[in-house]
2 protein chains.
Amino acid sequence: MNETKALEIACPLPLNDHRHIKLAHGGGGRMMQQLIEDVFVAAFDNPVLRGGHDGAVLEFPHGRSVLTTDSYVVRPLFFPGGDIGALAVNGTVNDLTMCGAEPLFLTASFILEEGLETEKLWRVVKSMRSAADAAGVSIVTGDTKVVERGHGDGMYINTSGVGRINHDTRVGPKRIAAGDVILVSGDIGRHGMAVMGEREGLAFTTPIESDCMPLWSTVHAMLSAGIDIHCMRDATRGGLCAVLNELARGSSLQFDVDERDIPISESVRGACEVLGLDATHVACEGRFVAIVPRGDEERALYVLKSQNESASMIGRVLDGEPGLVTIRTPIGGRRILDMPAGELLPRIC
Amino acid sequence: MNETKALEIACPLPLNDHRHIKLAHGGGGRMMQQLIEDVFVAAFDNPVLRGGHDGAVLEFPHGRSVLTTDSYVVRPLFFPGGDIGALAVNGTVNDLTMCGAEPLFLTASFILEEGLETEKLWRVVKSMRSAADAAGVSIVTGDTKVVERGHGDGMYINTSGVGRINHDTRVGPKRIAAGDVILVSGDIGRHGMAVMGEREGLAFTTPIESDCMPLWSTVHAMLSAGIDIHCMRDATRGGLCAVLNELARGSSLQFDVDERDIPISESVRGACEVLGLDATHVACEGRFVAIVPRGDEERALYVLKSQNESASMIGRVLDGEPGLVTIRTPIGGRRILDMPAGELLPRIC
């Protein structure tokens, strides 16, 4: 047995601040990043994992495959514009897509709570099949566990996915360069507000539907147009803000965005104002950030807008303070857009 | 969107008996089989899924890969001979192995309960690394979710796995033929009894440790010895009894075993007698059934015994009643070994 150094040491996570798991450890912000780095990466350490991607890019002699996994614990199970099943398919399809891979196969593993109405399960499973058909993937294997009443929330679903990279574009944080242009594929924050609204029984003036959707056709169109995408990431937990901070850190460069260029629908903007939330912290499930080299930005925007009119160029990568994200405000100032701590919106995916 | 017939119909599961999810739907027996067939296979229907294997065998131009998934909800998290982490690695490694694939890559997805001691998580994660090293696999990507206090049991783990088939032996229920010999790779029932003993605070006369271990090296040795394995399946939920029934059904043949040849340790036998359990229903996590053609059985047994002295030839496949499992009793009778219903031992994996 090849015992590694990691296994002899004490937990590298500073236990004073992290003695017990908190909701924020799953919130997509700083606390989660630290848990991932100091526990999971510390113990499992290997070159693929250190890639820091949404999935694992596996190099085989015959080509590159991508493997990815996500568990879904969204509450409630059904929300405007989607349900846990559609989310479980699209979320994993999008993780594959963000690695530049064409999604091919999914697994589906269910943790069911004793007492769940079977009809509810059937609705979710049918929704998964519809989402899989729409995304062009097959669900090829699965697993079922049942836990006692009170030990789950109806159901949790894990989907893992396998995709193939059919092009030569290398997509990843390490390719981001100063001068690159930052784009977002559509208006942000709808998924998080839709789930939160449903859960808390909020009546928004204009109903907000989740943006849950598969992204491969959009990314495929960009690649087919010859756009040399340097990096992509979908804005899920922690929202646009977390993605910008993760990629600024991952590339050791500064990201500078303009607040006026960030697309936010009137309904999301209004709901965020009432609730005192920053829309850039709110999760999407069908929006992504694309970083493209200078010169490719107009074509990239053209392709993105052909899929979603609200797509926008929001900023640039600078050779400034490594890992910093700055945002220019409408009144001409500039402030730091810090990583969200992550406890604001639990259980949205 | 390619809407299929499955999506227009009502849930095929007879709702009178299955209106709500019961613990038995996850127990590995008849109820679970029906849920899988009438809900998951009905909705997700595709040729790979219909293979009825422990994992999905994916045919690529360059060779065959296997994809598999399992969620682990064992309670308690730590038990004699293992913990949820070792189980999550070995269980998925073994599902790949049972499809004849060399295990290569795993994903690890955690659903953590708010309030879990971080040190406990660290112990589990270290155990996963040790198990991964022992099985020769890398954990290459993952996911973390946190649910509120009271909505989980400390942690649930999903692992999905990818393996490669590096040989020409086709392994699967369809290859089983009349005349084949049925072997089991070691004494059965230790995992289930170890977990149950720990959970219920039972003091067994002789301590029982889980049999949790990876099986690839054993299977690799059999394949290298040129044994034409027709089918393999690890005896997890539902125990040896469920495996025999599943494979008898999958091959539409009769399985006939001799009770005296089923290896059961004295401690497991004693504990089962006290608790009124049938040892053939109790889960293992490091034992498998192998079905080999007549003529290969002696070499197969030789290889199995070189890894575990208690391995045994337990019966034969007959051209009799399709799907039936019969067992010859020590006093010379013969009875039907029916599929367990599955509610006896919940949460053992």
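## Focus: the overall build of chain A
Tallying secondary structure elements over chain A gives 9 helices and 14 strands in all. Rg of the C-alpha trace for chain A: 20 Å, near the compact-globule value of 20 Å for 349 residues, within the 12% margin. Over its C-alpha atoms, taken along the principal directions, chain A stretches across nearly 60 × 55 × 45 Å. For chain A, the proportion of its 349 residues judged to be buried stands at 65%. Nonlocal contacts in chain A, meaning residues at least 24 apart in sequence, comprise 83% of its contacts between residues at least 6 apart. Here chain A has roughly 12,600 Å² of accessible surface; of this, 49% comes from carbon and sulfur atoms. Between the mean site of the 33 positive side-chain charges and the mean site of the 46 negative ones, chain A shows a separation of 1 Å.

## Some remarks on helix 10 (residues 297-307) of chain B
Residue and element names in this part refer to chain B. For helix 10, every residue scored as buried is listed here: Glu 297, Ala 300, Leu 301, Val 303 and Leu 304. For helix 10, the buried positions fall inside an angular range of 165 degrees around the axis, keeping them on one side. Exposed side chains of helix 10 directed beyond 90 degrees from the buried face belong to Glu 298, Tyr 302 and Ser 306. On its buried face, helix 10 sits against strand 8 (181-184), helix 7 (216-224), strand 11 (288-292) and strand 12 (312-318).

## Observations concerning a nonpolar patch on the surface
All names here are of chain A. Residues Leu 202, Val 274 and Leu 275 make up a contiguous nonpolar surface patch of roughly 260 Å² in combined accessible area. Mapped onto the secondary structure, Leu 202 falls in the loop between helix 5 (190-200) and helix 6 (216-224). In this structure Leu 202 comes out as partly exposed when scored by relative accessible area, which is 33%.

## A short note on the interface of chain B and chain A
Residue-level contacts link 93 residues of chain B with 93 residues of chain A. Interface area for chain B against chain A, summed over the two sides, is near 7,800 Å², with a carbon-plus-sulfur share of 66%. Salt-bridge contacts for Arg 347 of chain B lead to Glu 148 of chain A; the nearest nitrogen and oxygen are separated by 2.3 Å. At the boundary of chain B and chain A, one finds 40 residue pairs in polar contact (both at pLDDT 80 or more). Of the residues forming the side of chain B that touches chain A, the biggest block, 11 residues, is contributed by helix 5 (residues 118-135) of chain B. Among the residues forming the side of chain B that touches chain A, the class breakdown is 45 nonpolar, 26 polar and 22 charged.

## Quick notes on the relation of the copies chain B and chain A
Each copy superposes on the other: chain B lies on chain A with an RMSD of 0.0 Å after a rotation of 180 degrees and an axial shift of 0.0 Å. Both chain copies can therefore be described as sitting about a two-fold axis. The residues that chain B uses at the interface reappear at the interface of chain A in 100% of cases, marking a shared surface.

## Details of the sheet that holds strand 11 (residues 288-292) of chain A
Residue and element names in this part refer to chain A. Spatial ordering of the open sheet is given by 9-11-8-12-10-13-14, a layout of 7 strands whose pairing is mixed. Edge positions in the sheet fall to strand 9 (231-234) and strand 14 (334-336), since each has one partner strand and no second. Strand-to-strand twist across the sheet, computed as the mean angle between neighbouring axes with direction ignored, equals 25 degrees. Pairing between strand 13 (residues 325-328) and strand 14: 3 bridges, direction antiparallel. Within strand 14, the residue paired with Thr 326 across the bridge is Ile 336. Contacting strand 9 and strand 11, helix 6 runs over the sheet at an angle of about 10 degrees to strand 11. Helix 9 (residues 297-307) contacts strand 8 (181-184), strand 11 and strand 12 (312-318) of the sheet and is inclined by roughly 5 degrees relative to strand 8.

## Things to note about unusual backbone geometry
A cis amide bond, omega 0 degrees, links Arg 75 of chain A with the succeeding residue Pro 76 of chain A. Considering the arrangement of structural elements, one finds Pro 76 of chain A in the loop between strand 2 (63-72) and strand 3 (78-79). The backbone of Arg 347 of chain A sits at a positive phi, close to 60 degrees, despite the residue not being glycine. As for its position among the elements, Arg 347 of chain A is in the segment after strand 14. Judged by relative accessible area, which is 4%, Arg 347 of chain A ranks as buried. The phi angle at Ser 252 of chain B is positive, at roughly 55 degrees, despite the residue not being glycine. By the element assignment, Ser 252 of chain B lies in the loop between helix 8 (239-251) and strand 10 (254-258).

## Brief notes about the pattern of salt bridges
Pairing is possible between side chains of opposite charge, provided their charged atoms come close. All names here are of chain B. Applying the stated criterion to the full structure yields 52 salt bridges over all chains. One salt bridge in this structure joins Glu 59 and Arg 170, with 3.1 Å as the shortest N-O distance. Pair noted here: Glu 59 is in strand 1 (residues 56-60) and Arg 170 is in the loop between strand 7 (155-165) and strand 8, with a separation of 111 residues, a long-range link. Judged by relative accessible area, Glu 59 falls into the exposed class, the value being 54%. A salt bridge links Asp 256 to Arg 328; the nearest nitrogen and oxygen atoms lie 3.0 Å apart. Here Asp 256, found in strand 10, pairs with Arg 328, found in strand 13 (residues 325-328); they are 72 residues apart in sequence, far enough to count as distant.

## A closer look at the environment of Leu 244 of chain B
Residue and element names in this part refer to chain B. Of note, Leu 244 is situated in helix 8. Exposure remark for Leu 244: the relative accessible area of 0% places this residue in the buried category. Along the chain, Leu 244 and Pro 263 lie 19 residues apart, while their C-alpha atoms are 15 Å from each other. Excluding residues that lie within four positions of it along the chain, Leu 244 makes contacts with Ile 182, Phe 255, Val 257, Val 289, Val 325 and Leu 337.

## Considerations on the packing of helix 5 of chain A against helix 8 (residues 266-275) of chain A
Residues and elements named next belong to chain A. Where helix 5 meets helix 8, the closest approach of the two axes is 10 Å, and the angle between their N-to-C directions is 55 degrees. As summarised for this structure, helix 5 and helix 8 are arranged oblique, according to the angle between their axes. Note that helix 5 runs across helix 8; the crossing there is left-handed. The segment helix 5 lies against helix 8, with Arg 190, Met 193 and Met 196 engaging Val 268, Ala 271, Cys 272 and Leu 275. The residue inventory of the contact of helix 5 with helix 8, partitioned by class, reads 6 nonpolar, no polar and 1 charged.

## Digging into the pairing of strand 5 (residues 102-113) of chain B
Residue and element names in this part refer to chain B. Of all 12 residues in strand 5, 10 are buried; the element is thus mostly enclosed. Sheet topology note: the strand 5/strand 7 ladder contains 10 bridges and is antiparallel. Residue Phe 105 lies in a different strand from strand 7, and its bridge partner there is Val 162. Bridging between strand 5 and strand 6 (residues 138-147) involves 9 bridges; their strand directions are parallel. If you follow Glu 113 over to strand 6, its bridge partner there is Val 147. Note that the unit made of strand 5, helix 5 and strand 6 has a crossover that is right-handed.

The rules behind each value
- Residues numbered from 1 in each chain as written.
- Chains lettered and ligands numbered in written order.
- Predicted model: local features only at pLDDT ≥ 70, side-chain atom pairs only at ≥ 80, totals over all residues.
- Heavy atoms only, no water.
- Helix = DSSP H or I, 4+ residues; strand = E, 2+ residues; numbered from the N terminus.
- Rg over C-alpha atoms; globule rule 2.2 N^0.38 Å.
- Buried < 20%, exposed > 50% of the residue type's maximum accessible area, 1.4 Å probe, protein only.
- Contact = heavy atoms within 4.5 Å.
- Areas by Shrake-Rupley, 256 points an atom, 1.4 Å probe, with all protein chains shown as cover.
- Lys, Arg positive; Asp, Glu negative; His and termini not counted.
- Charge placed at Lys NZ, Arg CZ, Asp CG, Glu CD.
- Arc of directions from axis to C-beta.
- Patch = residues over 30% accessible without salt bridge, like charges linked within 9 Å, V, L, I, M, F, W, Y side chains within 5 Å.
- Salt bridge = Lys/Arg side-chain N within 4 Å of Asp/Glu carboxyl O.
- Buried area = accessible area lost by both parts, 1.4 Å probe.
- Polar contact = N/O pair within 3.5 Å; in protein donor to acceptor, adjacent residues only side chain to side chain.
- Nonpolar A, V, L, I, M, F, W, Y, C, P; charged D, E, K, R; others polar.
- Least-squares fit on C-alpha atoms with pLDDT ≥ 70 in both.
- Pairing = 2+ DSSP bridges.
- Axes fitted to C-alpha atoms, helices over the stretch in contact; angles between N-to-C directions.
- Parallel < 35°, antiparallel > 145°, perpendicular 65-115°, else oblique.
- Left-handed = near helix turned anticlockwise from the far one by under 90°.
- Right-handed = clockwise from strand over helix to strand, strands pointing away.

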